[in-house]
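# Structural description and commentary
Listed below, chain by chain, are the residues.
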Amino acid sequence: MIRPVTLWTLGFLGWLLSYAMFLKWLIANRWDFFGGWAEAFTSSDFATGLIVDLVLVTLMMVALAVLDRKRLGPRWTAAVLASLSLSVSMSLAIYLAAIWRHETQRRSVPS
C-alpha cells in the first residue's frame, strides 16, 4: 500500500509544478489567463488531448466525491470538491486520504 507521505508529496508536487508552469506562461504572455486556455486547446492535437483528459478526470473527481459522500462525510466531500480549484492532484490525494481514513476507522470498530 502507498504510504501517506508519498501520496501527499505527489499531490503537492502536481499542484506546485503545474502552478509554476502556469505562472511562467502567464508572465510571458501578459497575464492572459483565457488566452492560455485557448492556446492549450488549440496549439496541437496532443495538447488538446491532455487538456481533454484533465477535464474528464476533474469530472471523475466530482462524480467520486458525490457518489462516495456517505463514506467521505460532508467535510471531506467539500474538501475534495473545493480542492479542484487548486488541482486534480490535490483533489485525488484528499479523496484517497478520506477513503483510507474511513476504512481504517471502519476496521477498528468492533462488530
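These lines cover the structure that appears in this document, whether it is placed above or below. Just so it is clear, the model here is predicted, and its values are computed rather than measured.

Conventions and cut-offs
- Residues numbered from 1 in each chain as written.
- Predicted model: local features only at pLDDT ≥ 70, side-chain atom pairs only at ≥ 80, totals over all residues.
- Heavy atoms only, no water.
- Helix = DSSP H or I, 4+ residues; strand = E, 2+ residues; numbered from the N terminus.
- Buried < 20%, exposed > 50% of the residue type's maximum accessible area, 1.4 Å probe, protein only.
- Expected span 1.5 Å × (residues − 1).
- Contact = heavy atoms within 4.5 Å.
- Axes fitted to C-alpha atoms, helices over the stretch in contact; angles between N-to-C directions.
- Parallel < 35°, antiparallel > 145°, perpendicular 65-115°, else oblique.
- Left-handed = near helix turned anticlockwise from the far one by under 90°.
- Nonpolar A, V, L, I, M, F, W, Y, C, P; charged D, E, K, R; others polar.
- Salt bridge = Lys/Arg side-chain N within 4 Å of Asp/Glu carboxyl O.
- Core = buried A, V, L, I, M, F, W, Y, C linked by side-chain atoms within 4.5 Å.

### A closer look at the environment of Phe12
- In this fold, Phe12 is placed in helix 1 (residues 4–28).
- Judged by relative accessible area, which is 38%, Phe12 ranks as partly exposed.
- Put simply, Phe12 and Gly49 are 37 residues apart on the chain and 24 Å apart in space, counted from C-alpha to C-alpha.

### What to know about helix 3 (residues 45–67)
- With 23 residues, helix 3 ought to run about 33 Å at 1.5 Å a step, and its terminal C-alpha atoms sit 32 Å apart, in line with that.
- At its buried positions, helix 3 is contacted by helix 2 (33–42), helix 4 (69–82) and helix 5 (88–108).

### Looking at unusual backbone geometry
- Backbone geometry places Arg30, a non-glycine residue, at a positive phi of 55°.
- As for its position among the elements, Arg30 is in the loop between helix 1 and helix 2.
- What makes Arg30 exposed here is its relative accessible area of 78%.
- Positive phi, normally seen in glycine, also occurs at Trp31, with a value near 60°.
- Within the secondary structure, Trp31 sits in the loop between helix 1 and helix 2.

### Thoughts on the packing of helix 4 against helix 5
- The interhelical angle for the contact between helix 4 and helix 5, taken along N-to-C directions, is 165°, at an axis separation of 10 Å. Judged on the interaxial angle alone, helix 5 and helix 4 are roughly antiparallel. When you trace helix 4 past helix 5, the crossing you get is right-handed. Between helix 4, through Arg71, Leu72, Trp76, Ala79 and Val80, and helix 5, the contact on the second element is made entirely by Ser91, Ile94, Tyr95, Ala97, Ala98, Ile99, Arg101, His102 and Glu103.
- Residue composition of the contact of helix 4 with helix 5, grouped by class: nine nonpolar, two polar and three charged.

### A few points about the pattern of salt bridges
- Counted according to the given criterion, the structure contains three salt bridges.
- In this structure, the salt-bridge partner of Asp68 is Arg71, at a minimum N-O distance of 3.0 Å.
- By relative accessible area, Asp68 is classed as buried at 16%.
- We note a salt bridge from Glu103 to Arg71, for which the minimum N-O separation is 3.2 Å. Taken together, the positions of Glu103 in helix 5 and Arg71 in helix 4 put the pair 32 residues apart, joining distant regions of the chain.
- You can call Glu103 buried: its relative accessible area is 16%.
- Where salt bridges share partners, they join Asp68, Arg71, Glu103 and Arg106 into one cluster.

### Comments concerning the nonpolar core
- With ten residues, the main nonpolar core is built from Met61, Ala65, Leu72, Val80, Leu84, Val88, Ile94, Tyr95, Ala98 and Ile99.
- Sorting the residues of this core by element identifies helix 3, helix 4 and helix 5 as the ones contributing at least two each.
- Residue contributions to this core peak at five residues, all from helix 5.
- If sequence neighbours within four positions are ignored, Met61 has contacts with Val80, Leu84, Val88, Ser91, Leu92 and Tyr95.

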